[in-house]
Amino acid sequence: MPIHYQEAALLYGKLEPQTVDSSRMPYDKTRIIDRYAQFMETATQYMRSGMDEKAVGEAMRSQYSDTFWWTYYFVHGSTYY
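Cut-offs and rules
Residues numbered from 1 in each chain as written. Predicted model: local features only at pLDDT ≥ 70, side-chain atom pairs only at ≥ 80, totals over all residues. Heavy atoms only, no water. Helix = DSSP H or I, 4+ residues; strand = E, 2+ residues; numbered from the N terminus. Expected span 1.5 Å × (residues − 1). Buried < 20%, exposed > 50% of the residue type's maximum accessible area, 1.4 Å probe, protein only. Contact = heavy atoms within 4.5 Å. Polar contact = N/O pair within 3.5 Å; in protein donor to acceptor, adjacent residues only side chain to side chain. Salt bridge = Lys/Arg side-chain N within 4 Å of Asp/Glu carboxyl O.

### Focus: helix 2 (residues 29-48)
- The end-to-end C-alpha distance of helix 2 is 27 Å, a good match for the 28 Å that 20 residues give at a rise of 1.5 Å each.
- Along helix 2, the residues classified as buried are Ile-32, Arg-35, Tyr-36, Phe-39, Thr-42 and Ala-43.
- Among the structural elements, helix 1 (3-15), helix 3 (53-64) and helix 4 (68-74) are those in contact with the buried residues of helix 2.
- The backbone nitrogen of Thr-30 lies 3.2 Å from a side-chain oxygen of the residue at the head of helix 2, namely Asp-28.
- Phi turns positive, to about 105°, at Gly-50, one or two residues after helix 2.

In C-alpha cells:
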C-alpha cells in the first residue's frame, strides 16, 4: 500500500476512532507507526514551548514535509507556511 495512504489511514483512525477502524491496516511499522509517534511528540514539544502553529510547521518542515500528517496540520488551502 502506498506510504501516503498508510499515513492518511493512520491519522484518520486516530482522529475518528469511532468511525474509522484502521487497526487492521498493513502499516510499515518504522515508516508509519514509529514516525507518526515522533511527529506527534515533536509537534507537542514545540507547542508546549510556546510556538504558534505557523512556527511549528516551519520548524518541522525539513523533517516531515514529505508526510501526509505535516500537510494535514500545516498546509491550509494550497498555501505553505
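### Focus on the pattern of salt bridges
- The tally for this structure, following the rule as stated, stands at three salt bridges.
- Across the pair Asp-66 and Arg-35 runs a salt bridge, and its minimum N-O distance is 2.9 Å. Placement of the pair is Asp-66 in the loop between helix 3 and helix 4 and Arg-35 in helix 2, with a sequence separation of 31 residues.
- Taking the shortest distance from any N to any O, the salt bridge between Arg-61 and Glu-58 comes out at 2.8 Å. A residue pair is termed a helical-turn pair when its members lie 3 or 4 positions apart in one helix, as Arg-61 and Glu-58 do in helix 3 at three residues.

Honestly, that's just the spatial picture; any functional story needs more than this.
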